[in-house]
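In case you want the letters, here they are:
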Amino acid sequence: MIRLVVADDQSILRSGLVALLRLEPDLEVVGEAADGASTLATVAEHSPDVLLLDVQMPAGTRADGTPGPSDGIALAQELHELQAAQEAQAQGAGQEGTTGPEGRASGSESRASGPESRAQPRIIVLTTFGRAGYLRRTMEAGAQGFMVKDTPVERLVDAIRRVDQGLLVVDPELAAQSLSVGASPLTTKETEALQGAAAGGSTAKIAATLFLSEGTVRNHISSAIGKLGVANRAEAVRAASDNGWI
């Protein structure tokens with residue numbers, strides 16, 4: 001049985017998808033979430049095998065009062081980093097076990113003592129917007145699949161099974177688009193500045209959020225405008241968004 005968590009802020013769409021997935025005999029939906037923070041909490045609670053993750057979700061608020069990930073790609077990156085940290089910790093514990101006193105179980109014995117499990121779920125990112133840049137960012141964030149939401153349900157179910165087996169699954173049209181669009185020309189700070197602008201933030205608000213001076217923010221936005229070959233901030237936001245770079 002493949003255990004799933006479905007994360008999407010559109011409740012009608014999420015409920016419909018969950019109902020369809022529950023018709024499959026080898027799939028079990030163990031949790032649902034509507035924002036970044038609640039998705040992380042649901043994953044931590046249920047330890048699913050696969051996470052179906054919307055790109056554009058609200059951040060939500062974590063238990064400690066801090067905001068959750070800004071979108072699905074940031075959430076995938078957070079889970080990817082957590083997976084890497086847990087694997088490093090397990091490797092360290094295994095090495096300690098092999099050199100410990102006689103009678104202590106070795107690392108290899110500890111790992112083999114129960115059914116194979118993953119510390120974090122494999123991730124399929126779902127998006128309404130078939131933007132090539134999203135695909136590149138998704139894979140760089142450690143996701144194993146990328147599908148558009150109008151994918152036929154039988155293809156999505158097949159993708160879930162393949163990703164659970166450790167395979168990568170990518171919408172073929174988006175894969176071709178990604179190769180033609182290429183990587184984002186923007187630096188990290190230019191990207192963050194445009195993301196702030198896309199959210200409607202003033203220069204002062206963006207500067208406060210990024211812990212930069214207003215002049216530095218203006219410089220980053222001006223640089224992004226030049227790289228994207230557009231005339232102003234609004235066009236830069238539109239061009240970066242259309243390509244999936246922000």
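For the structure itself, look to the data block above.
First, a word on scope: everything that follows refers to the structure included in this document. Predicted model only: the values in this text are computed from it and were never measured.

### A look at the nonpolar core
- Within the largest apolar cluster, 21 residues are counted, with the highest numbers of intra-cluster contacts made by Leu51, Leu53, Leu75, Leu79 and Ile123.
- Mapped by element, the contributors of at least two residues to this core are strand 1 (2–7), strand 2 (27–33), helix 2 (36–46), strand 3 (50–54), helix 3 (72–98), strand 4 (122–127) and helix 5 (132–140).
- The dominant element in this core, judged by the number of residues it contributes, is helix 3, at 4 residues.
- Apart from residues lying up to four places away in sequence, Leu53 is in contact with Ala7, Thr39, Gly72, Leu75, Ala76, Ile123, Ile124, Val125 and Leu126.
- Within the second largest apolar cluster, 19 residues are counted, among which are Val18, Val29, Met147 and Leu156.

### Let's talk about the layout of surface pockets
- As a volume, the largest pocket reaches approximately 880 Å³.
- Taken together, 31 residues make up the lining of the largest pocket; nearest its centre are Ser70, Asp71, Thr191, Glu192 and Gln195.
- Within the residue set of the lining of the largest pocket, elements represented by two or more residues are helix 3, helix 5, helix 8 (188–198) and helix 9 (203–210).
- Element by element, the count of residues in the lining of the largest pocket is highest for helix 8, at 6 residues.

### Section: the pairing of strand 1
- In terms of residue burial, strand 1 counts as a mostly covered element, since 5 of its 6 residues are buried.
- Pairing geometry for strand 1 and strand 2, over 6 bridges, is parallel. When the bridges of strand 2 are listed, Val6 appears paired with Glu32.
- Relative to strand 3, strand 1 is paired through 4 bridges, and the arrangement is parallel. Following the sheet pairing, Leu4 is matched in strand 3 by Val50.

### Focus: the pattern of salt bridges
- Applying the stated criterion across every chain yields a total of 9 salt bridges.
- Residue Glu24 pairs with Arg161 through a salt bridge whose shortest N-O separation is 3.0 Å. Of this pair, Glu24 sits in the loop between helix 1 (11–21) and strand 2 while Arg161 is found in helix 6 (residues 153–164), placing the two residues 137 residues apart along the sequence.
- For Arg161, a relative accessible area of 28% puts it in the partly exposed group.
- In this structure, Arg161 and Asp26 form a salt bridge, with 2.8 Å as the shortest nitrogen-oxygen distance. Here Arg161 is found in helix 6, whereas its partner Asp26 is found in the loop between helix 1 and strand 2, with 135 residues between them in sequence.
- Classification of Asp26 by relative accessible area gives partly exposed; the value is 25%.
- A single network of salt bridges, built from pairs that share partners, joins Asp8, Asp54 and Lys149.

### Let's talk about the environment of Trp245
- For Trp245, the location among the structural elements is in the segment after helix 11 (233–242).
- Expressed as a C-alpha distance, the spacing of Trp245 and Ser184, which sit 61 residues apart in the sequence, is 5.9 Å.

### Quick notes on the packing of helix 8 against helix 11
- Running from N to C, helix 8 and helix 11 point in directions that differ by 105 degrees, and their axes come no closer than 10 Å. On the basis of the axis angle, helix 8 is roughly perpendicular to helix 11. Facing helix 8, whose interface residues are Leu194, Ala197 and Ala198, helix 11 presents Arg233, Ala236, Val237 and Ala240.
- Residue classes in the contact of helix 8 with helix 11 are distributed as 6 nonpolar, no polar and 1 charged.

### Quick notes on the sheet that holds strand 4
- Here 6 strands make up an open sheet; going across it, the order is 2-1-3-4-5-6 and the pairing parallel. Two strands in the sheet have a free side with no partner beyond their single neighbour: strand 2 and strand 6 (169–170).
- Bridge analysis of strand 4 against strand 5 (residues 145–148) gives 4 bridges, and the strand direction is parallel. By the bridge assignment for strand 5, Leu126 is matched with Met147.
- Lying over the sheet, helix 1 contacts strand 1, strand 2, strand 3 and strand 4, oriented at roughly 165 degrees with respect to strand 2.
- Where helix 2 meets the sheet, it contacts strand 1, strand 2 and strand 3, and its direction lies at approximately 140 degrees from that of strand 2.

Here is what the cut-offs are and how they apply
- Starting from 1, residues in each chain are numbered consecutively following that chain's sequence as written.
- Only residues with pLDDT of 70 or above have their local features reported here, since the model is predicted, and side-chain atom pairs are shown and tallied only from 80 upward, although totals for entire chains, interfaces and linings are computed over all residues.
- Where side-chain values are given, they derive from all heavy atoms of the structure, hydrogens and water being excluded.
- Remark: nonpolar core denotes a set of buried residues (Ala, Val, Leu, Ile, Met, Phe, Trp, Tyr, Cys) joined through side-chain atoms within 4.5 Å.
- Residue exposure (1.4 Å probe, protein chains only): buried if accessible area is under 20% of the type maximum, exposed if over 50%, otherwise partly exposed.
- The helix count covers DSSP runs of H or I at least four residues long, the strand count covers runs of E at least two residues long, and both are numbered beginning at the N terminus.
- Two residues form a contact once any of their heavy atoms are found within 4.5 Å.
- Think of a 1 Å grid over just the protein atoms. A cavity is a set of points where a 1.4 Å probe fits yet cannot get out, a pocket is an open set with protein on both sides within 12 Å along at least five of seven lines, and lining residues have an atom within 4 Å of a point.
- Grid points are joined across faces, edges and corners, and a volume is the space filled by probe spheres set on the points.
- Strands are treated as partners if at least two bridges between them are detected by DSSP.
- Note on definitions: salt bridges are taken to be side-chain nitrogens of Lys or Arg within 4 Å of carboxyl oxygens of Asp or Glu.
- Axis lines are fitted to C-alpha atoms, over the contacting stretch for helices. Their N-to-C directions set the angle, which ranges from 0 to 180 degrees.
- Here the angle decides the label: under 35 degrees means roughly parallel, over 145 means roughly antiparallel, 65 to 115 means roughly perpendicular, and every other value means oblique.
- Note that Gly is not counted as nonpolar here; it falls among the polar residues with everything else outside the nonpolar set of Ala, Val, Leu, Ile, Met, Phe, Trp, Tyr, Cys and Pro and the charged set of Asp, Glu, Lys and Arg.

By themselves, these are just geometric observations and shouldn't be taken as functional.
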